[in-house]
Amino acid sequence: MKRISVLGAGAFGTAYAVSLAGDGRDVVLWARDPGDMQAVRETRRRLPGVRLPDGVTVTSDFAEAAAADIILLAIPLQQLSGVLAAHRDHITTQTLVSCAKGIDIATGRGSAEIITGTCPRATPAILSGPSFAIDIATGLPTALTIAAEDPEPPQQALSTANIRLYRSTDMVGVEHGGALKNVIAIACGITIGAGLGESARAALMTRGYAEMSRFAQARGARPETLAGLSGLGDLALTCTSEKSRNYAYGLGLGRGEAGARNATIEGKATARAVIDVARTLGIDMPIAGLVLAMVSGTITIEQAVEALLSRPLKEE
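Residues numbered from 1 in each chain as written. Predicted model: local features only at pLDDT ≥ 70, side-chain atom pairs only at ≥ 80, totals over all residues. Heavy atoms only, no water.

## Here we look at the sheet that holds strand β2 (residues 27-30)
Point 1. Spatially, β5-β2-β1-β6-β7-β8-β9-β10 is the arrangement adopted by the eight strands of the open sheet, whose pairing is mixed. Two strands lie at the open edges of the sheet, namely β5 (56-59) and β10 (163-168), each paired on one side alone. On average, adjacent strands in this sheet sit at an angle of 25 degrees to one another, irrespective of strand direction.
Point 2. Pairing of strand β6 (residues 70-73) with strand β7 (residues 95-98) involves four bridges; the strand directions are parallel. Across the sheet, the residue bridging to Ile71 is Leu96, located in β7. (Pairing = 2+ DSSP bridges. Helix = DSSP H or I, 4+ residues; strand = E, 2+ residues; numbered from the N terminus. Axes fitted to C-alpha atoms, helices over the stretch in contact; angles between N-to-C directions.)

This is how it looks when you write it as structure tokens:
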């Protein structure tokens, strides 16, 4: 049986470790803070209401976590390059499965490029799709996509009783679907928070999907990938539920709640990275551009709505 580790003991990484261990697999869960991990070892608690199964080994020792065949990278995208670079001596030919959803601000790269650029001997893969950590941890059914250039990615090894994985060879499409939907989720949260209505949200989801597809295909994605779990599926989930951090963040902005703009949210960084790349490639991204302006505080909701509604009429 393949040895599996999860780097990153946040909500998603912990939830996946719980699901794997609940299915009878032994799994190592790593985070860098020794004190934090000691507390988790003692309490066997990390997520509210969820006890870590005995099959989960908790550690802050990277060497212990790296002694695996498959390593899930449940690390925020903006931190991924730094973590891999700091520990690259421990990473050789393992399969590195990125669960991060975003685009690097500094370089415009997705997680597959970060992996190959930092750990060239490792085999990169991307795991993405509509999923909330608490659903996974409590055994609710979830379907995700795992993508790798290898036509036989670790689909079987990472599937569990409640996680069904579909395989793909389109890593660019899978990683971009997961990244870009966070930007649209912020826009949808702003819309509902400002009281603009569900019809407006449906329009933003639809036109946002068009933006996602334009951008991803310009970067080499296949259009059918964006219509799958990691694109349309994830978009539908995160644009309609307050369990989504990006959607909830947008709600706070739309309601004018003090302090909302200061939260650390994946979609904020992705919006900035996307707009920088889009300008270079000449891709029209009006919704992403307005999200960036909103989170930066340079325009009001009223100005954003006017900007969208005053755009030239065109064919869908």
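So much for the structure itself; the text now carries on.
## Some details on unusual backbone geometry
Negative phi values dominate among residues other than glycine, just as trans dominates among peptide bonds.
Point 1. For Arg44, which is not glycine, the phi torsion reads 55 degrees and is therefore positive.
Point 2. Within the secondary structure layout, Arg44 lies in the loop between α2 (34-43) and β3 (45-47).

## Focus on the side chain of Thr142
Point 1. With respect to the element layout, Thr142 can be found in strand β9 (residues 142-147).
Point 2. Setting aside its immediate chain neighbours within four residues, Thr142 contacts Pro130, Ser131, Ile136, Asn162, Ile163 and Arg164. (Contact = heavy atoms within 4.5 Å.)

## Some points on helix α1 (residues 11-22)
Point 1. Between the first and last C-alpha of α1 there are 16 Å, a value that for twelve residues agrees with the 16 Å anticipated at 1.5 Å per step.
Point 2. Most of α1 is tucked away, with nine of its twelve residues classed as buried.
Point 3. Among the residues making up α1, those that are buried are Gly13, Thr14, Ala15, Tyr16, Ala17, Val18, Ser19, Leu20 and Ala21.
Point 4. Directly beyond the C-terminal end of α1, a positive phi value near 95 degrees is found at Gly24. (Expected span 1.5 Å × (residues − 1). Buried < 20%, exposed > 50% of the residue type's maximum accessible area, 1.4 Å probe, protein only.)

## Observations regarding the pattern of salt bridges
Point 1. One pass over the structure, following the stated rule, counts 13 salt bridges.
Point 2. Across the pair Glu198 and Arg201 runs a salt bridge whose closest N-O atoms are separated by 4.0 Å. Here Arg201 and Glu198 lie together in helix α9 (residues 198-218), a separation of three residues that amounts to about one turn.
Point 3. For Glu198, a relative accessible area of 60% translates into the label exposed.
Point 4. Arg201 gets classed as buried once you look at its relative accessible area, which sits at 13%.
Point 5. A salt bridge links Glu257 to Arg255; the nearest nitrogen and oxygen atoms lie 3.9 Å apart.
Point 6. The class of Glu257 is partly exposed, set by a relative accessible area of 41%.
Point 7. Looking at Arg255, the relative accessible area reads 47%, which means it is partly exposed. (Salt bridge = Lys/Arg side-chain N within 4 Å of Asp/Glu carboxyl O.)

## A look at the layout of surface pockets
Point 1. Estimated volume of the largest pocket: approximately 1000 Å³.
Point 2. Along the wall of the largest pocket there are 42 residues; nearest its centre are Ala11, Phe12, Pro76, Arg245 and Glu266.
Point 3. Of all the secondary-structure elements, those providing two or more residues to the lining of the largest pocket are α1, α4 (77-86), α6 (133-137), α8 (171-193), α11 (229-238), α12 (245-255) and α13 (266-281).
Point 4. The space that makes up the second largest pocket amounts to roughly 730 Å³.
Point 5. What lines the second largest pocket is a set of 26 residues, among which Leu204, Arg207, Ile287, Leu308 and Leu309 lie closest to the centre.
Point 6. Looking at the lining of the second largest pocket, the elements with two or more residues in it are α8, α9, α14 (286-296) and α15 (301-309).
Point 7. Considering each element in turn, the lining of the second largest pocket owes the most residues, six residues, to α9.
Point 8. Here the lining of the second largest pocket is built from residues that sort into 18 nonpolar, one polar and seven charged. (1 Å grid on protein atoms, 1.4 Å probe; cavity = no way out; pocket = protein on both sides within 12 Å on 5 of 7 lines; lining within 4 Å. Points joined across faces, edges and corners; volume = space filled by probe spheres on them. Nonpolar A, V, L, I, M, F, W, Y, C, P; charged D, E, K, R; others polar.)

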